[in-house]
Amino acid sequence: MTSKTRVVVIGAGLAGVTLARRLGELGTPALVVGDEEHRPYNRVLLAEVLAGRYGPEVIALPAPAGLLRGRVTGIDRAGRTVRCADGSVIAYDTLVLATGSNPVLPPLRGLFTPDHELPEGVHAFRTMDDCLGLSKAVRPGTRAVVVGGGLLGVSAARALAVRGARVVLAQQSERLMERHLDPAASALVRRHLEGLGVEVHTECRVRDVRCAGGAVRSVELADGYALGADLVVLACGVRPRTGLARDAGLAVGRGVLVDDELRTCDPHVRAVGDCAEHAGRVYGLAAPALEQAGVLAGLLARDEGGAQSAPAPRAYTGTRALTRLTLTGAGGPRGPFDLAAFGETDPRPGDDVVQLADATRGTYRKVVVRDDRLVGGVLVGELGTVGALARAWEGAEPLSSDGGPLLHLLTHDGGS
Ligand SMILES: Cc1cc2nc3c(=O)[nH]c(=O)nc-3n(C[C@H](O)[C@H](O)[C@H](O)COP(=O)(O)OP(=O)(O)OC[C@H]3O[C@@H](n4cnc5c(N)ncnc54)[C@H](O)[C@@H]3O)c2cc1C
């Protein structure tokens, strides 16, 4: 059976669902096809579900009106249709790829069973299914090894430790979250994890996964040391999910290449979120996915003739993305742990740096200023000033001579 819908969105993640909701508000209905079994949810909060703080229903997103569960397996650009795994065919006038990312699975010996499955006890950390699988397996005293010390690995290690697991985190590079944080902030994150009982190993490469009876038993490090493991979490980064686009002959770099109107090389196909590459950047973060979805909704509503009264749509010129990680919990070291990083956190020669560190409270704030403009910053443990700083950074306005937000940073205690 062939049905006809003008805007079809592939992927019911943050970008796809936000786009469809905005389009609905602007009078342009869309059909969203999503392959996850669960109601759409906010992926950023998965670690809170793993930590046991939220049930899955708490992180659900408002479902768009036209949501179809299914997996798109092919795009026929000439016929302007998509084919689904169940054999159905959906026609589009405009197709939007919002297919997100896949987890990177590291090249470890023994990682796959003969059936090309992950062994029992080995999980990626990307989907609600991954999260529920881990959640079901973790008990107080469970030996867990987290492979990777970026944003995902740190969130997973913390959540598992809060659940009472004995966690070892193996990070290949020399410090945690090195893509987002400067060395001082990385050190605080490490201290925080260690306060929760996580054993952190940096410059540590995992080489091998050892299994018995189809279940993981240990992981072996490059130096030959074996770590006993009941659970292994693979948190080694993500890669844009571009297979459909590539198979359909669309231009793909690291992500699906899009212009300032989020259009691929085919004017009838757009792309947003983790799967898209704009001006050489693949963000892999929530804020750009949401901004792209908002911009595209305006552009498509204009093209489809919806919401004449809506504000004139703007082009997408890139997101100045602030990375924010918030993990809340009970008291003491299990209490809230917030961090945010934006822009350039490593100063260039000639930049001014303002830094405040409180070793007792485990807080750290740093901003980098170049030619009177805020170019980046890191805040750990104390985010009272993050809004003011992010606005000053996003606006790229010259800082006022009276100190403006910098003074705020220095004097405001965030109410704590
Ligand atoms: C555990 C975790 C913590 C994170 N924490 C943060 C954070 O603190 N801050 C931050 O900024 N970002 C964070 N991120 C990243 C953030 O979640 C992503 O940037 C964001 O979800 C991207 O949205 P998206 O819609 O592009 O992709 P996704 O949310 O991945 O959604 C894509 C959807 O498309 C579906 N799909 C793919 N192919 C098909 C197909 N062929 N047919 C049908 N459906 C398909 C996928 O199954 C998926 O449901 C985190 C990610 C994870 C996994």
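You'll find the structure just up there.
So, how was this worked out
- Residues numbered from 1 in each chain as written.
- Predicted model: local features only at pLDDT ≥ 70, side-chain atom pairs only at ≥ 80, totals over all residues.
- Heavy atoms only, no water.
- Axes fitted to C-alpha atoms, helices over the stretch in contact; angles between N-to-C directions.
- Helix = DSSP H or I, 4+ residues; strand = E, 2+ residues; numbered from the N terminus.
- Left-handed = near helix turned anticlockwise from the far one by under 90°.
- Contact = heavy atoms within 4.5 Å.
- Nonpolar A, V, L, I, M, F, W, Y, C, P; charged D, E, K, R; others polar.
- Pairing = 2+ DSSP bridges.
- Phe/Tyr/Trp six-rings, centres within 6.5 Å; stacked < 30°, edge-to-face > 60°.
- Buried < 20%, exposed > 50% of the residue type's maximum accessible area, 1.4 Å probe, protein only.

Draft legend 1. Looking closely at the packing of helix 1 (residues 14-25) against helix 7 (residues 286-304). The contact between helix 1 and helix 7 brings their axes to 8 Å, and the two run at 35 degrees. Like other packed secondary-structure pairs, helix 1 and helix 7 cross with a definite hand, here right-handed. Across from Leu14, Ala15, Thr18, Leu19, Arg22 and Leu23 in helix 1, the residues of helix 7 making contact are Ala286, Ala289, Leu290, Ala293, Leu296, Ala297, Leu300 and Ala301. A per-class count over the contact of helix 1 with helix 7 returns 12 nonpolar, one polar and one charged.

Draft legend 2. The arrangement of the sheet that holds strand 16 (residues 226-228) in detail. Across the sheet, which stays open at both edges, the three strands sit in the order 14-15-16 with antiparallel pairing between neighbours. Single-partner strands in this sheet number two, and they are strand 14 (206-212) and strand 16. Recorded for the sheet is a direction-independent mean angle of 30 degrees between the axes of neighbouring strands. In terms of strand pairing, strand 14 meets strand 15 (residues 215-221) through six bridges, oriented antiparallel.

Draft legend 3. Summary view of the packing of aromatic side chains. Tallying each qualifying case throughout the model produces one aromatic pair. Ring centres of phenylalanine 342 and tryptophan 393 lie 5.2 Å apart, and the angle between their planes is 50 degrees; this geometry places the pair in the tilted category. Taken together, the residues span a long stretch of sequence, with phenylalanine 342 in strand 23 (residues 337-343) and tryptophan 393 in helix 8 (residues 386-395) at a distance of 51 residues. By relative accessible area, phenylalanine 342 is classed as buried at 1%. With relative accessibility at 5%, the residue tryptophan 393 sits in the buried group.

Worth remembering: the numbers are spatial, not functional.
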